[in-house]
Amino acid sequence: MLRSWIILLFLLPAGEGEDVFRALETGQIETLRKYDTARLLEIIRKGRPVPNGKTGEFTEKVTDTFNRTTEVMFRVPKNYSPDHPAGVLIVLHGMGGNLKQLRELYPKFAESNNLILVFPTAQPEPEGHENEDTTPMMAGSVPHWWSYREGNFPITALSLLKKRYAIDENRVFLSGYSMGGFGTWNIGLRFPDRFAALVPFEIVLWRSGESWPFRRVADAQEAAPYSLYMRRHFSQ
(Lines give C-alpha, C1' and ligand atoms only; values in the text may rest on other atoms or scores of the structure.)
Protein backbone atom coordinates (compact mmCIF):
# COMPACT_ATOMS: atom_id res chain seq x y z
CA MET A 1 0.00 0.00 0.00
CA LEU A 2 2.79 2.40 0.92
CA ARG A 3 4.51 1.73 -2.38
CA SER A 4 1.30 2.64 -4.25
CA TRP A 5 1.12 6.01 -2.43
CA ILE A 6 4.77 6.76 -3.25
CA ILE A 7 4.14 6.02 -6.94
CA LEU A 8 1.07 8.29 -6.83
CA LEU A 9 3.13 11.18 -5.46
CA PHE A 10 5.58 11.00 -8.35
CA LEU A 11 2.72 10.86 -10.87
CA LEU A 12 1.21 14.16 -9.65
CA PRO A 13 1.39 16.89 -12.30
CA ALA A 14 4.32 19.24 -11.72
CA GLY A 15 2.19 22.33 -11.08
CA GLU A 16 -0.54 20.64 -9.08
CA GLY A 17 1.09 21.06 -5.68
CA GLU A 18 1.70 24.78 -6.16
CA ASP A 19 -1.90 25.28 -7.32
CA VAL A 20 -3.23 23.60 -4.18
CA PHE A 21 -1.02 25.54 -1.77
CA ARG A 22 -1.80 28.83 -3.48
CA ALA A 23 -5.51 28.03 -3.27
CA LEU A 24 -5.18 27.25 0.43
CA GLU A 25 -3.42 30.58 1.04
CA THR A 26 -5.91 32.67 -0.88
CA GLY A 27 -9.11 30.78 -0.03
CA GLN A 28 -9.85 29.68 -3.61
CA ILE A 29 -12.40 27.03 -2.72
CA GLU A 30 -13.35 26.28 -6.32
CA THR A 31 -9.78 25.28 -7.14
CA LEU A 32 -9.67 22.88 -4.19
CA ARG A 33 -12.96 21.28 -5.24
CA LYS A 34 -11.28 19.97 -8.38
CA TYR A 35 -9.47 17.40 -6.21
CA ASP A 36 -10.93 14.57 -4.18
CA THR A 37 -10.09 14.45 -0.47
CA ALA A 38 -7.51 11.66 -0.75
CA ARG A 39 -5.59 13.52 -3.46
CA LEU A 40 -5.62 16.78 -1.49
CA LEU A 41 -4.27 15.04 1.62
CA GLU A 42 -1.42 13.48 -0.34
CA ILE A 43 -0.44 16.78 -1.93
CA ILE A 44 -0.42 18.50 1.46
CA ARG A 45 1.59 15.70 3.09
CA LYS A 46 4.18 15.89 0.33
CA GLY A 47 4.65 19.58 1.08
CA ARG A 48 4.79 22.64 -1.09
CA PRO A 49 7.01 22.21 -4.16
CA VAL A 50 10.11 24.35 -3.84
CA PRO A 51 12.67 25.35 -6.47
CA ASN A 52 16.41 25.03 -6.06
CA GLY A 53 16.79 28.32 -4.19
CA LYS A 54 20.00 30.27 -4.41
CA THR A 55 22.64 29.83 -1.73
CA GLY A 56 25.12 32.17 -0.08
CA GLU A 57 24.45 35.63 1.35
CA PHE A 58 22.02 38.08 -0.19
CA THR A 59 19.81 40.99 0.89
CA GLU A 60 16.22 41.71 -0.10
CA LYS A 61 13.55 44.28 0.67
CA VAL A 62 10.63 42.64 2.50
CA THR A 63 7.19 44.17 3.06
CA ASP A 64 5.17 43.07 6.08
CA THR A 65 1.42 42.91 6.73
CA PHE A 66 1.41 46.57 7.82
CA ASN A 67 2.88 47.72 4.50
CA ARG A 68 6.22 48.55 6.12
CA THR A 69 9.33 47.73 4.10
CA THR A 70 12.75 46.79 5.43
CA GLU A 71 15.97 45.13 4.36
CA VAL A 72 16.54 41.51 5.33
CA MET A 73 19.79 39.60 4.93
CA PHE A 74 19.57 35.88 4.19
CA ARG A 75 22.47 33.46 4.43
CA VAL A 76 21.76 30.02 2.94
CA PRO A 77 24.28 27.17 3.49
CA LYS A 78 26.31 26.48 0.35
CA ASN A 79 25.44 22.78 0.56
CA TYR A 80 21.70 23.37 0.87
CA SER A 81 19.56 20.82 -0.99
CA PRO A 82 15.75 20.46 -1.18
CA ASP A 83 16.34 16.79 -0.40
CA HIS A 84 17.61 17.78 3.07
CA PRO A 85 15.30 20.44 4.56
CA ALA A 86 17.17 23.25 6.30
CA GLY A 87 16.46 24.74 9.69
CA VAL A 88 16.04 28.51 10.12
CA LEU A 89 17.65 30.83 12.66
CA ILE A 90 16.17 34.35 12.76
CA VAL A 91 18.43 36.88 14.50
CA LEU A 92 17.07 40.21 15.80
CA HIS A 93 19.50 43.11 16.32
CA GLY A 94 19.58 45.58 19.20
CA MET A 95 18.67 49.25 19.49
CA GLY A 96 20.39 51.41 16.89
CA GLY A 97 21.55 48.38 14.92
CA ASN A 98 20.55 46.89 11.60
CA LEU A 99 20.82 43.62 9.71
CA LYS A 100 24.64 43.75 9.91
CA GLN A 101 24.93 44.04 13.68
CA LEU A 102 24.95 40.29 14.47
CA ARG A 103 25.86 38.85 11.08
CA GLU A 104 29.12 37.35 12.41
CA LEU A 105 27.52 35.70 15.44
CA TYR A 106 26.34 32.39 13.95
CA PRO A 107 27.85 31.79 10.47
CA LYS A 108 29.99 28.69 11.07
CA PHE A 109 27.45 27.20 13.45
CA ALA A 110 24.71 27.67 10.85
CA GLU A 111 26.78 26.30 7.97
CA SER A 112 27.70 23.13 9.86
CA ASN A 113 24.11 22.55 11.07
CA ASN A 114 22.25 23.26 7.81
CA LEU A 115 20.59 26.42 9.10
CA ILE A 116 19.43 29.36 7.01
CA LEU A 117 20.24 32.61 8.79
CA VAL A 118 17.80 35.52 8.63
CA PHE A 119 18.77 39.07 9.72
CA PRO A 120 15.88 41.57 9.44
CA THR A 121 16.22 45.30 10.14
CA ALA A 122 13.78 46.81 12.67
CA GLN A 123 11.56 49.76 11.75
CA PRO A 124 9.23 52.04 13.76
CA GLU A 125 6.20 50.21 15.08
CA PRO A 126 3.18 50.19 12.75
CA GLU A 127 0.89 53.10 13.55
CA GLY A 128 -2.28 51.92 15.24
CA HIS A 129 -0.81 48.49 15.91
CA GLU A 130 1.75 49.27 18.59
CA ASN A 131 2.81 46.60 21.08
CA GLU A 132 0.97 46.33 24.39
CA ASP A 133 3.99 47.49 26.38
CA THR A 134 4.75 50.53 24.20
CA THR A 135 4.49 53.75 26.21
CA PRO A 136 4.30 57.39 25.06
CA MET A 137 7.85 57.82 26.36
CA MET A 138 9.10 54.93 24.20
CA ALA A 139 7.13 55.98 21.14
CA GLY A 140 8.78 59.37 21.14
CA SER A 141 12.31 58.33 22.03
CA VAL A 142 13.24 55.15 20.14
CA PRO A 143 14.01 55.08 16.40
CA HIS A 144 12.65 51.57 15.88
CA TRP A 145 11.31 48.52 17.71
CA TRP A 146 10.36 44.94 16.91
CA SER A 147 6.63 44.49 16.36
CA TYR A 148 5.13 41.49 18.17
CA ARG A 149 2.13 41.28 15.85
CA GLU A 150 1.25 38.60 13.32
CA GLY A 151 2.70 39.54 9.96
CA ASN A 152 5.76 41.34 11.41
CA PHE A 153 9.14 41.23 9.67
CA PRO A 154 10.48 37.99 11.28
CA ILE A 155 7.23 36.11 10.59
CA THR A 156 6.99 37.51 7.05
CA ALA A 157 10.60 36.54 6.28
CA LEU A 158 9.95 33.02 7.60
CA SER A 159 6.88 32.67 5.37
CA LEU A 160 8.93 33.86 2.39
CA LEU A 161 11.59 31.21 3.05
CA LYS A 162 8.99 28.44 3.26
CA LYS A 163 7.89 29.28 -0.28
CA ARG A 164 11.43 29.13 -1.64
CA TYR A 165 13.19 26.41 0.32
CA ALA A 166 12.55 23.04 1.92
CA ILE A 167 12.32 23.98 5.60
CA ASP A 168 12.53 21.67 8.60
CA GLU A 169 9.60 22.95 10.68
CA ASN A 170 11.09 21.33 13.80
CA ARG A 171 14.27 23.42 13.57
CA VAL A 172 13.09 27.03 13.38
CA PHE A 173 14.76 29.22 16.02
CA LEU A 174 14.55 32.85 17.12
CA SER A 175 17.44 34.72 18.74
CA GLY A 176 18.10 38.35 19.62
CA TYR A 177 20.31 40.78 21.46
CA SER A 178 19.09 43.59 23.78
CA MET A 179 16.09 45.08 21.94
CA GLY A 180 16.21 41.95 19.83
CA GLY A 181 15.96 39.97 23.06
CA PHE A 182 12.69 41.79 23.79
CA GLY A 183 11.52 40.78 20.33
CA THR A 184 12.65 37.19 20.80
CA TRP A 185 10.71 36.73 24.06
CA ASN A 186 7.62 38.58 22.93
CA ILE A 187 7.33 37.15 19.42
CA GLY A 188 8.36 33.65 20.47
CA LEU A 189 5.91 33.45 23.35
CA ARG A 190 3.06 34.77 21.21
CA PHE A 191 3.74 32.27 18.42
CA PRO A 192 5.03 29.12 20.16
CA ASP A 193 3.91 26.97 17.23
CA ARG A 194 6.44 28.69 14.93
CA PHE A 195 9.65 28.16 16.92
CA ALA A 196 11.49 25.19 18.41
CA ALA A 197 13.59 27.36 20.76
CA LEU A 198 14.24 30.97 21.78
CA VAL A 199 17.75 32.35 22.40
CA PRO A 200 17.56 35.90 23.83
CA PHE A 201 20.57 37.50 25.49
CA GLU A 202 21.43 40.74 27.29
CA ILE A 203 17.83 41.81 27.76
CA VAL A 204 15.45 43.42 30.22
CA LEU A 205 11.67 42.98 30.42
CA TRP A 206 8.94 45.30 31.59
CA ARG A 207 5.20 45.81 31.52
CA SER A 208 3.85 49.30 31.18
CA GLY A 209 1.59 50.76 33.86
CA GLU A 210 1.05 53.83 35.96
CA SER A 211 4.22 53.19 37.92
CA TRP A 212 6.15 51.91 34.87
CA PRO A 213 7.28 48.70 36.69
CA PHE A 214 10.62 47.48 35.44
CA ARG A 215 12.22 44.15 36.25
CA ARG A 216 15.74 43.48 35.07
CA VAL A 217 16.43 39.87 34.09
CA ALA A 218 20.19 40.15 34.35
CA ASP A 219 22.34 43.14 35.18
CA ALA A 220 25.31 44.09 33.02
CA GLN A 221 27.83 42.24 35.18
CA GLU A 222 25.82 39.01 34.98
CA ALA A 223 25.03 39.34 31.29
CA ALA A 224 28.52 40.18 30.01
CA PRO A 225 30.10 36.72 30.53
CA TYR A 226 27.09 35.07 28.86
CA SER A 227 27.30 37.44 25.91
CA LEU A 228 31.03 36.74 25.55
CA TYR A 229 30.35 32.99 25.64
CA MET A 230 27.67 33.36 22.95
CA ARG A 231 29.96 35.29 20.65
CA ARG A 232 32.88 32.89 21.12
CA HIS A 233 30.80 29.73 20.80
CA PHE A 234 28.56 30.60 17.86
CA SER A 235 31.20 32.42 15.80
CA GLN A 236 33.40 29.32 15.73
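Criteria and cut-off values
Residues numbered from 1 in each chain as written. Predicted model: local features only at pLDDT ≥ 70, side-chain atom pairs only at ≥ 80, totals over all residues. Heavy atoms only, no water. Core = buried A, V, L, I, M, F, W, Y, C linked by side-chain atoms within 4.5 Å. Buried < 20%, exposed > 50% of the residue type's maximum accessible area, 1.4 Å probe, protein only. Helix = DSSP H or I, 4+ residues; strand = E, 2+ residues; numbered from the N terminus. Contact = heavy atoms within 4.5 Å. Salt bridge = Lys/Arg side-chain N within 4 Å of Asp/Glu carboxyl O. Pairing = 2+ DSSP bridges. Axes fitted to C-alpha atoms, helices over the stretch in contact; angles between N-to-C directions.

This part takes up the nonpolar core. Grouped together as the largest cluster of nonpolar side chains are 30 residues, with contacts concentrated most on V88, I90, V118, L161, Y165, I187 and F195. For this core, the elements supplying multiple residues, two or more each, are strand 1 (56–63), strand 2 (69–76), strand 3 (86–92), strand 4 (115–120), helix 7 (153–164), strand 5 (167–177) and helix 8 (179–190). Apart from residues lying up to four places away in sequence, L161 is in contact with F74, V88, I116, V118 and I167. Residues L99, L102, Y106 and L117 belong to the second largest nonpolar core, which totals 12 residues.

Non-glycine residue N114 carries a positive phi angle of around 55°. Within the fold, N114 resides in the loop between helix 5 (107–112) and strand 4. Non-glycine residue S178 carries a positive phi angle of around 55°. Topologically, S178 is positioned in the loop between strand 5 and helix 8. In this structure S178 comes out as partly exposed when scored by relative accessible area, which is 26%.

Tallied over the entire structure, the rule returns 12 salt bridges. When the shortest N-O distance is used, the salt bridge between R103 and E104 registers 3.5 Å. Judged by its relative accessible area of 24%, R103 falls in the partly exposed class. Here the salt bridges do not stand alone but share partners, grouping E57, R75, R103 and E104 into one network.

On to the sheet that holds strand 4, then. Strands sit in the order 1-2-4-3-5-6 across an open sheet of six strands; the sheet is mixed. Taken across any chain shown, the strands that pair with only one partner, and hence form the sheet edges, are strand 1 and strand 6 (197–201). Here the strands of the sheet are splayed against their neighbours by 20° on average, with no regard to which way each runs. Here helix 8 sits on the sheet and contacts strand 3, strand 5 and strand 6; the angle it forms with strand 5, its principal contact strand, is near 140°.

Note that every value here comes from positions in space, so none of it alone points to a role or purpose.
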